[in-house]
Each structure stands twice: as C-alpha cells, then as structure tokens.
Amino acid sequence: QVQLEESGGGLVQAGGSVRLSCVASGRDMTTYAMGWFRQVPGKEREFVAAIGRNAALTYYGDFVKGRFTISRENAKNSVYLQMNSLKHGDAGVYYCVAEARGIPASADEYSYWGQGTQVTVSS
C-alpha cells in the first residue's frame, strides 16, 4: 500500500509562486509514476502534471502553459510541483497521485491519492 502526504499549500497572491511537496511511503516509488491533480468545488478533478519513474518524461495539463514544473527526488520518495504566475483559477485542492502502470492523465487510472492540500489565490 502506498501512502501519499502533500504539503506546501496555502494562501498566495495572484502572480506569485508556491511549491507543493508530496512524500510517499509504503513502497519503492522508483517503480511508480507520480503526479498532481486539482479540484474545485462542483468540478471534476483536473489533471495538472505527471512525471515518469526516472523523471525523463513529464506531462502537463493544457492550462499550465509553462507556468508549473513537476519534479521528483526518488532518494526522498518525493514529488514536487513548482507553480509560478498563479492565477485565481489555479485555486483549489491539489492532490498527489501515484500509479505503477504507465503515466496516466486520467484521474480514474491512478491507484493512490493523497488527502490533498489547499491552494488559495488572493488578489
């Protein structure tokens, strides 16, 4: 069983930056793709970014447009999401995910989810 714990969310001004972190435990995460989804009330979870096992491959949601960077540090079983130029539309709960099969962009294909960390963007 994989446990994922996010941190780093909070209140940030529009145009500002924040870095989310996720630490995994329970398995050797070098065999898992990891990623981030986000959700706002009333909407479905939205793909943000994913990174392959050795960090050679990364994928981003269309809305990211170069503003976010996903990275991972396998020695620490961690994945990060650096978010820059934040907009009000980026506010939401950000979830860390992990999956052993492929590098999915669909929420349904991820087996493991963290509890989420809230990002609030102020004016």
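Residues numbered from 1 in each chain as written. Predicted model: local features only at pLDDT ≥ 70, side-chain atom pairs only at ≥ 80, totals over all residues. Heavy atoms only, no water.

A.B. asks: Tell me about the packing of aromatic side chains, residues and numbers included.
C.D. replies: What the rule picks out here adds up to six aromatic pairs. Centroid distance Phe37 to Trp113: 5.2 Å. Interplanar angle 45°. Geometry classified as tilted. Here Phe37 is found in strand β4 (residues 33-39), whereas its partner Trp113 is found in strand β10 (residues 112-113), with 76 residues between them in sequence. The class of Trp113 is partly exposed, set by a relative accessible area of 23%. Ring plane angle 80° and centroid distance 6.1 Å describe the contact between Phe63 and Phe68, whose orientation is recorded as edge-to-face. In this pair, the class of Phe63 matches that of Phe68, namely buried. In textbook terms, an aromatic cluster arises when at least three aromatic residues are bridged by ring pairs, as seen for Phe37, Phe47, Tyr95, Tyr110 and Trp113. (Phe/Tyr/Trp six-rings, centres within 6.5 Å; stacked < 30°, edge-to-face > 60°. Helix = DSSP H or I, 4+ residues; strand = E, 2+ residues; numbered from the N terminus. Buried < 20%, exposed > 50% of the residue type's maximum accessible area, 1.4 Å probe, protein only.)

A.B. asks: Outline the side chain of Ser21, supporting the account with residue identities and numerical values.
C.D. replies: Tracing the chain through its elements places Ser21 in strand β3 (residues 18-25). A relative accessible area of 17% means that Ser21 is categorised as buried. Residues in contact with Ser21, not counting those within four places in the same chain, are Glu5, Glu6, Ser7, Trp36, Val79 and Tyr80. (Contact = heavy atoms within 4.5 Å.)

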